Amino acid sequence: MSIHHRNIVARDNHPEITGVMQAASHEKSPLVHDDESEGMGELVDYEEALELHRVGKVQWITVLVCGMGNAIDAVEVLSVSFILPVLSNEVPSEHLGYLGAAVFVGMLVGAIVAGFCADKFGRKPVLVMAMFFNFLFMMGFSVSRGLWIMIAFRFMTGCGIGGAVPVVFTLAS
């Protein structure tokens, strides 16, 4: 069975869609098969389920918050490009590479850890924690004095960014 056969939604006893689903037949929906419908209640394909439910206030707020979180993360990733030219006179170039790469290594680690935590504890608490983590270490980076401390703060900031990005895209979709 190919993956597109999994795009069916089982609905039991929902009065707003019962009439629509009773009128629908298996011939109208290529995603519903007799062998898959046993014991599942009535089935509706994904597009039909989306059409039956409107986009409400909660969905718009979720998309807005996720968009703002994504914008903040993008600004944070790009902010080091303004600092590197200033530091190039005082720091060897290979150390500047470490400073620039630390955020991306942190994003890798953060995405893996946050993905696991989001499945276990929920998307919203992980997003809030990742954004707080991002804020906390961004502030630490802004007041740090030594190069290796700056690299450590950039890595930890990257963990916050990496933790927020997959959760943001999951919530917004």
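Above: the structure in question.
Residues numbered from 1 in each chain as written. Predicted model: local features only at pLDDT ≥ 70, side-chain atom pairs only at ≥ 80, totals over all residues. Heavy atoms only, no water.

Chemist: When you look at the overall build of the protein in this model, what are you seeing that I'm missing?
Modeler: Counting its regular elements, the protein contains six helices and two strands. Taken from the N to the C terminus, the helices and strands of the protein come in the order β-α-β-α-α-α-α-α. Counting only residues that meet the buried cut, the protein has 32% of its 173 residues in that class. Restricting the contact set of the protein to residue pairs at least 6 apart, pairs at least 24 apart contribute 76%. (Helix = DSSP H or I, 4+ residues; strand = E, 2+ residues; numbered from the N terminus. Buried < 20%, exposed > 50% of the residue type's maximum accessible area, 1.4 Å probe, protein only. Contact = heavy atoms within 4.5 Å.)

Chemist: What is the right way to look at a nonpolar patch on the surface in this model?
Modeler: Together, Val105, Leu108, Val109, Ile112 and Val113 give the surface a local cluster of nonpolar side chains, amounting to about 440 Å² of exposed area. Locating Val109 in the fold gives a position in helix 4 (residues 93-121). (Patch = residues over 30% accessible without salt bridge, like charges linked within 9 Å, V, L, I, M, F, W, Y side chains within 5 Å. Areas by Shrake-Rupley, 256 points an atom, 1.4 Å probe, with all protein chains shown as cover. Salt bridge = Lys/Arg side-chain N within 4 Å of Asp/Glu carboxyl O.)

Chemist: What exactly am I supposed to notice about the packing of helix 3 (residues 57-87) against helix 6 (residues 147-172) here?
Modeler: Two packed helices can be described by the angle between their axes and the distance between those axes. Following both chains from N to C, one finds helix 3 and helix 6 inclined at 155°, their axes separated by 9 Å at the closest point. Classified by the angle between their axes, helix 3 and helix 6 sit roughly antiparallel to one another. Seen along the crossing, helix 3 lies across helix 6 with a hand that is left-handed. Residues Thr62, Val63, Cys66, Asn70, Asp73, Glu76, Val77, Ser79, Val80 and Leu87 of helix 3 pack against Met150, Arg154, Thr157, Ile161, Ala164, Val165, Val168, Phe169, Leu171 and Ala172 of helix 6. (Axes fitted to C-alpha atoms, helices over the stretch in contact; angles between N-to-C directions. Parallel < 35°, antiparallel > 145°, perpendicular 65-115°, else oblique. Left-handed = near helix turned anticlockwise from the far one by under 90°.)

Chemist: How should I be thinking about the environment of Phe104 in this particular structure?
Modeler: Tracing the backbone through its elements, the reader meets Phe104 in helix 4. Residue class for Phe104 comes out partly exposed when judged on its relative accessible area of 48%.

Chemist: Teacher, can you tell me more about helix 4 here?
Modeler: Every α-helical turn comprises 3.6 residues, leaving residues that sit three or four positions apart pointing alike. Helix length check: helix 4 (29 residues) gives 41 Å between terminal C-alpha atoms against 42 Å at 1.5 Å per residue, within 8%. At Ala101, helix 4 shows its maximal kink, close to 35°. Taken as a whole, helix 4 has its buried residues at Leu96, Leu99, Gly100, Ala102, Val103, Gly106, Gly110, Ala114 and Ala118. (Expected span 1.5 Å × (residues − 1). Bend = angle between axes of the 7 residues up to and from the residue.)

Chemist: Explanation requested: the packing of aromatic side chains in the structure shown.
Modeler: Any two aromatic rings considered together are summarised by their centre-to-centre distance and by the angle between their planes. Following the criterion strictly, the structure yields three aromatic pairs and no others. On the numbers, 5.9 Å between centres and 35° between planes, the contact of Tyr98 with Trp148 is tilted. Here Tyr98, found in helix 4, pairs with Trp148, found in helix 6; they are 50 residues apart in sequence, far enough to count as distant. On the basis of relative accessible area, Tyr98 is assigned to the partly exposed category, the value being 45%. Ring geometry for Phe137 against Phe153: centres 6.0 Å apart, planes inclined by 45°, an arrangement best described as tilted. Here Phe137 is found in helix 5 (residues 123-143), whereas its partner Phe153 is found in helix 6, with 16 residues between them in sequence. Of the residues examined, Phe137 reaches a relative accessible area of 16% and is grouped as buried. For Phe153, a relative accessible area of 22% translates into the label partly exposed. (Phe/Tyr/Trp six-rings, centres within 6.5 Å; stacked < 30°, edge-to-face > 60°.)

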